[in-house]
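Overview (structure and organization)
Below are the chains, spelled out letter by letter.
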Amino acid sequence: MIVALLTALALVGLAPPTGVTAADRPNDGGKTILVSWTSSGDPEITNFRVLRQAEGAESWDTVGLVGRLARSFTDSRARDGVRFHYALLAVSDTATATSETTGWATSSPQWFNTDRVSAMVATLVFLFLVVFAISQARRGRGLFIRRIAGLDAVEEALGRATEMGRPILYVPGLSSIADVATIAALNILSEIAKKTASFGTPLIVPNRDPIVYTVAREMVKEAYTSVGRPDAFNQDMVFFLTDQQFAFAAAVDGIMVREKPATNFLMGMFWAESLILAETGASTGAIQIAGTDALAQLPFFITACDYTLIGEELYAASAYISREPLLLGTIKGQDYSKLLILAAVVVGTALALAFNLPVTGLF
Amino acid sequence: MKKRLPLIIVLVLGIFAVIAFVVPHPVVQSIDETVRNDVIRIITAFSLVLGIGSIIRHHIIKVQRKAEHWPFSWVTLIALAVSAVIGLFGGIDPSVRSLLPTSIGGFSFHMQTLYENMIIPLGATMFSLLAFFMASAAYRAFRARNFEATLLLVAAFVLMLGAVPLGRMLVKPLPEFAEWILSVPNTAAKRGINFGIGLGIFATSLKILLGIERGWLGGGGS
């Protein structure tokens, strides 16, 4: 009798959520409707079932199940142009209660993602600054670029290899060509290859990615041709090893131990194999110049290599080595952009501290 | 033209990628996805043939010249040939009937077995070497040769001690101080580097899109 009474009370008493609304989720490619609600605060509720009914349909479908703390649900199985309305079924251990039904909602794809306006504005500002710096370089303005020890050491490292009659090993990272760090590494390879061609130093370029291999081979070939030494180019100096990460590391370690290169360049994207490569290279007594934008691998390179290009220095390296004014202009553009970011950080922090302004919400 | 055409393709696809970043409409996204996935897969398939050609050529030359450790080149070439035969004619899935048998009695040698029992353990062996390399690298890093190395040594010592109960026993606020080093100076430095990386990626992309950086075009005449 008491149990029946309690059950009846629960059936009557369960308070469903209120203010249930449904609307097309903004800034997406369609087929999604966002359902949101306000909690009734009923502690008996364990979860909500999201119910949907299409226009003209007689039955309701369950399209989602969410926990009691959820305040919204994204229905990603909607059909563009079809009108749906929604309701929530609050569920407890002993009872259920249905909310009011929402108005009709229709999903549709958008042509512009307004969430990315700030990124677009920043891109345009940086684009302007870089183009401005390039135009300055075109006009012959002298551009000061700070010295980068790792790149100043390139000439010395190449000279040492030539004197010792030993090869240069250049590893353009382990990532694919889609990684900008790989492209930066290949651009540096082009400059290094010009110098090895001029000095007559053997060059070894093992690759993990077949596309990177084909691009690297063409770049080295072009570099040898550009300095008038096409005869010195050997097809076998750039080769594909394997796409297996640790098999590649083992093979490169083998090259380091057998060929004993005088200088090892480890440029581009590296993962767990970074220390395996750098420590093996250090044990052979080679000068090692590394460069990566992988933050987790930087400490390993800094520890085991003689010089390390940190983050942006990797991207600046080809311009720094070639000293081409247009390329140097892009580095100057980066510097202007950094100055702007720094100013924004300082001003934003000052405003936030002084007036308690929600500046982070601007972006 | 051989150089101009790739430049035009890069410029068009680069601008399209920027457009796809701000336009979520399926018309634009489907084209972007096709370029990113399908086209790149086709190019990779072609380059893989060149890659295999390269590895065969590289090892044949080593065998011909009797270069140092040349017998290992035979191992590579034989392993490549055996894998190719098993993969092409034996298939990958043992439950699907294939042209060649991929097991003799209880001994299975289909592609997945080779991968799971040879490639993965060999990779794990190389990975495990990392522990020893870390020890030797730590020894090198912790020699206080200059101010930076001393700073590194002190910071590492504080962090290590702060992560174990002994640290709190010795100095009560040490774990909090170690946490502060990680979350304040360390995070500040990482964010600074990340700003530089972001701008570097932007500038490199721009150099390629505008045709300022052309090294990637390689040879092939004008």
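Residues numbered from 1 in each chain as written. Chains lettered and ligands numbered in written order. Predicted model: local features only at pLDDT ≥ 70, side-chain atom pairs only at ≥ 80, totals over all residues. Heavy atoms only, no water.

Another point: the packing of aromatic side chains. Residue and element names in this part refer to chain A. Using the criterion set out here, one finds nine aromatic pairs over all chains in the structure. Ring geometry for Phe132 and Tyr336: centres 6.2 Å apart, planes at 45°, overall tilted. Of this pair, Phe132 sits in helix H2 (residues 117-138) while Tyr336 sits in helix H10 (residues 325-355), and the two are 204 residues apart along the sequence. Classification of Phe132 as partly exposed rests on a relative accessible area of 34%. (Phe/Tyr/Trp six-rings, centres within 6.5 Å; stacked < 30°, edge-to-face > 60°. Helix = DSSP H or I, 4+ residues; strand = E, 2+ residues; numbered from the N terminus. Buried < 20%, exposed > 50% of the residue type's maximum accessible area, 1.4 Å probe, protein only.)

Our next topic: helix H7 (residues 174-209) of chain B. Residue and element names in this part refer to chain B. The first and last C-alpha atoms of H7 sit 51 Å apart over 36 residues, in line with the 52 Å expected at 1.5 Å per residue. Taking the largest bend as the criterion, H7 deviates by roughly 35°, centred on Thr187. Once H7 ends, the next one or two residues include Gly211, with phi positive near 75°. (Expected span 1.5 Å × (residues − 1). Bend = angle between axes of the 7 residues up to and from the residue.)

Further remarks concern the sheet that holds strand S8 (residues 168-171) of chain A. Residues and elements named next belong to chain A. The strand order S10-S9-S8-S11-S12-S13 describes an open sheet built from six strands, whose pairing is parallel. Only two strands of the sheet have a single partner each, and these edge strands are strand S10 (238-240) and strand S13 (307-310). Strand-to-strand twist of the sheet, defined as the mean angle between neighbouring strand axes without regard to direction, takes the value 15°. The pairing of S8 with strand S9 (residues 203-207) spans two bridges and is parallel. Paired with Leu169 across the bridge in S9 is Ile204. Of the strands in this sheet, S8, S9 and strand S11 (263-267) touch helix H4 (residues 180-199), which is tilted by about 165° from S8. Contacts from helix H9 (residues 312-322) reach S11, strand S12 (287-292) and S13 within the one sheet, and its direction differs from that of S13 by about 100°. (Pairing = 2+ DSSP bridges. Axes fitted to C-alpha atoms, helices over the stretch in contact; angles between N-to-C directions. Contact = heavy atoms within 4.5 Å.)

The next point concerns the confidence of the model for chain A. Residue and element names in this part refer to chain A. Mean pLDDT over chain A works out to 91, with 95% of the residues at or above the 70 mark. Mean pLDDT values over the elements of chain A span from 49, in helix H1 (residues 2-13), up to 98, in S8. Across residues 5-10, where pLDDT falls below 50, the model places two contacts with residues more than four positions away in sequence or in other chains. (pLDDT = per-residue confidence, 0-100.)

Let's shift gears to the packing of H4(A) against H9(A). Residue and element names in this part refer to chain A. Viewed as axis vectors pointing N to C, H4 and H9 meet at an angle of 25°, and their least axial separation amounts to 8 Å. Considering their axes alone, H4 and H9 lie roughly parallel with respect to each other. Taken as a pair, H4 and H9 cross one another with a handedness that is left-handed. Along the contact surface, H4 presents Val180, Ala181, Ala184, Asn187, Ile188, Glu191, Ile192 and Lys195, while H9 presents Leu314, Tyr315, Ala317, Ser318, Ile321 and Ser322. For the contact of H4 with H9, a count of residues per class yields nine nonpolar, three polar and two charged. (Parallel < 35°, antiparallel > 145°, perpendicular 65-115°, else oblique. Left-handed = near helix turned anticlockwise from the far one by under 90°. Nonpolar A, V, L, I, M, F, W, Y, C, P; charged D, E, K, R; others polar.)

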